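Here's the letter readout for the chains.
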Amino acid sequence: AVKAVLAGEPVATPATTATPFPLTLTPGAVTPLPGATVTTTPSTSTSNICTDPQVTALIDSFKKAVLTSDGMLMSSLISPTRQMDVAFLRAGTVMTYTPEHAKFFFETTFEVDWGTAPGSGEPVKGSFHEVVVPELVKAFNQPYTLHCNELKHGGATYELEWPYEGEFYSVYFPGTEANGNLDWHTWVLGIEYVDGKPYIYALMRFFWEP
């Protein structure tokens, strides 16, 4: 896997033929934060994301930002301390975005190599709004359920793991009977508090793999 770290700041206005922000890709293993343990149980926290209405409002705002391509709203949801890691494929590239970069999520032309598609072995390449956004839109336009600190899934050929220390929510679609429910998918949002307010620090996608 590759850890991709954003460098520099975006320009004031999006470029028409180039990406609004520079990125530097640094090869290396994707590792959890220091002291991280893989767990599906809640971590010790002064606030409980499972009962905090601020968190459900955060997820609703994330959904709105995705469905309306609102970069400014998206920017306000990303952790100002940890930023936000995005993994489109569980064993693929992890992109780390700042709140400032998120303003350009829906217009940047920078092409990312997100990794290799399971089954076909084909590389998955494209900008954030070309690759990630359509799958998020599909997820939020289907009947889904929210699961606090649980990696909810519809059956997998691999073990689902959350490689961070901290709490999270699963946005889970169970799939369709016509497809044997093999079209299930789960988006996981890592959530942390900064000055008493919840933010998103990670976004990962899980789905059935052959």
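Because the structure is a prediction, the values reported are computed rather than measured. (Residues numbered from 1 in each chain as written. Predicted model: local features only at pLDDT ≥ 70, side-chain atom pairs only at ≥ 80, totals over all residues. Heavy atoms only, no water.)

## A look at unusual backbone geometry
Alright, step 1. Positioned with a positive phi, Gln83 is a non-glycine residue whose angle comes to about 65 degrees.
Alright, step 2. Mapped onto the elements, Gln83 comes out in the loop between α2 (71-75) and β3 (84-87). (Helix = DSSP H or I, 4+ residues; strand = E, 2+ residues; numbered from the N terminus.)

## What to know about the nonpolar core
When a protein is soluble and globular, its nonpolar side chains tend to lie buried together.
Alright, step 1. Counting 39 residues, the largest nonpolar core has Phe62, Phe105 and Trp114 as the members making the most contacts within it.
Alright, step 2. Of all the secondary structure elements, the ones that give two or more residues to this core are α1 (53-68), β3, β4 (94-97), β5 (112-116), α4 (128-140), β8 (167-173), β9 (185-194) and β10 (197-207).
Alright, step 3. Counting residues per element, this core draws most heavily on α4, which supplies 7 residues.
Alright, step 4. Counting residues in hydrophobic clusters, the runner-up holds 15 residues, among them Ala87, Leu151, Phe168 and Met204. (Core = buried A, V, L, I, M, F, W, Y, C linked by side-chain atoms within 4.5 Å. Buried < 20%, exposed > 50% of the residue type's maximum accessible area, 1.4 Å probe, protein only.)

## What to know about the environment of Phe105
Alright, step 1. Within the secondary structure, Phe105 is located in the loop between α3 (99-102) and β5.
Alright, step 2. Residue Phe105 is classed as buried on the basis of its relative accessible area of 0%.
Alright, step 3. On a C-alpha basis, the gap between Phe105 and Ser127 in space is 8.6 Å, while along the polypeptide they are 22 residues apart.
Alright, step 4. Excluding its chain neighbours within four sequence positions, the residues that come into contact with Phe105 are Met74, Ile78, Met84, Tyr97, Phe128 and His129. (Contact = heavy atoms within 4.5 Å.)

## Comments concerning the pattern of salt bridges
Alright, step 1. Applying the stated rule across the entire model yields 4 salt bridges.
Alright, step 2. Among the salt bridges present, the one from Glu135 reaches Lys138, with a minimum N-O distance of 3.3 Å. Placement of both Glu135 and Lys138 in helix α4 is noted, with a separation of 3 residues, approximately one turn of the helix.
Alright, step 3. With a relative accessible area of 38%, Lys138 lands in the partly exposed category.
Alright, step 4. A salt bridge links Glu135 to Arg205; its shortest N-O distance comes to 3.8 Å. Highlighted residues: Glu135 in helix α4 and Arg205 in strand β10, separated in sequence by 70 residues.
Alright, step 5. Each of Glu135, Lys138 and Arg205 takes part in one network of salt bridges that share partners. (Salt bridge = Lys/Arg side-chain N within 4 Å of Asp/Glu carboxyl O.)

## Regarding the state of the cysteines
Alright, step 1. Enumeration according to the criterion identifies 1 disulfide in this entry.
Alright, step 2. The disulfide that involves Cys50 links it to Cys148, with 1.9 Å between the sulfurs. Here the S-S torsion is close to -80 degrees, and the disulfide linking Cys50 with Cys148 is therefore left-handed. Remark: Cys148 occurs in strand β7 (residues 145-148) and Cys50 occurs in the loop between β2 (23-27) and α1; sequence separation between them is 98 residues.
Alright, step 3. The partly exposed category is assigned to Cys50, whose relative accessible area is 33%. (Disulfide = S-S within 2.5 Å.)

## A short note on the confidence of the model for the protein chain
Alright, step 1. Summarising the model, the protein chain shows a mean pLDDT of 80, and 78% of its residues fall at 70 or more.
Alright, step 2. Taken as a whole, residues 7-20 scores under 50 in pLDDT and shows 28 contacts with residues more than four places along the chain or in a different chain.
Alright, step 3. Contacts of residues 22-46 to residues separated by more than four positions or lying in other chains number 51 contacts, the stretch itself having pLDDT below 50. (pLDDT = per-residue confidence, 0-100.)

## Focus: the packing of aromatic side chains
Alright, step 1. Taken as a whole, this structure holds 11 aromatic pairs when the rule is applied.
Alright, step 2. Relative to Tyr201, the ring of Trp162 has its centre 6.3 Å away and its plane inclined at 55 degrees; by these criteria the two rings are tilted. Taken as a pair, Trp162 in the loop between β7 and β8 and Tyr201 in strand β10 lie far apart in primary sequence, 39 residues in all.
Alright, step 3. Aromatic side chains Tyr164 and Tyr201 sit 5.8 Å apart centroid to centroid with 75 degrees between the ring planes, which places their arrangement in the edge-to-face category. With Tyr164 in the loop between β7 and β8 and Tyr201 in strand β10, this pair connects stretches of sequence that are 37 residues apart.
Alright, step 4. Given the relative accessible area of 2%, Tyr201 is considered buried.
Alright, step 5. Chaining the aromatic ring pairs together yields one cluster made of Trp162, Tyr164, Phe168 and Tyr201.
Alright, step 6. A cation over a ring is seen here: Arg82 above Tyr201, with NZ or CZ 3.7 Å from the ring centre.
Alright, step 7. Arg205 extends its terminal NZ or CZ atom over the ring of Phe88, reaching a point 4.1 Å from the ring centre. (Phe/Tyr/Trp six-rings, centres within 6.5 Å; stacked < 30°, edge-to-face > 60°. Lys NZ or Arg CZ within 6 Å of the ring centre and 35° of its normal.)

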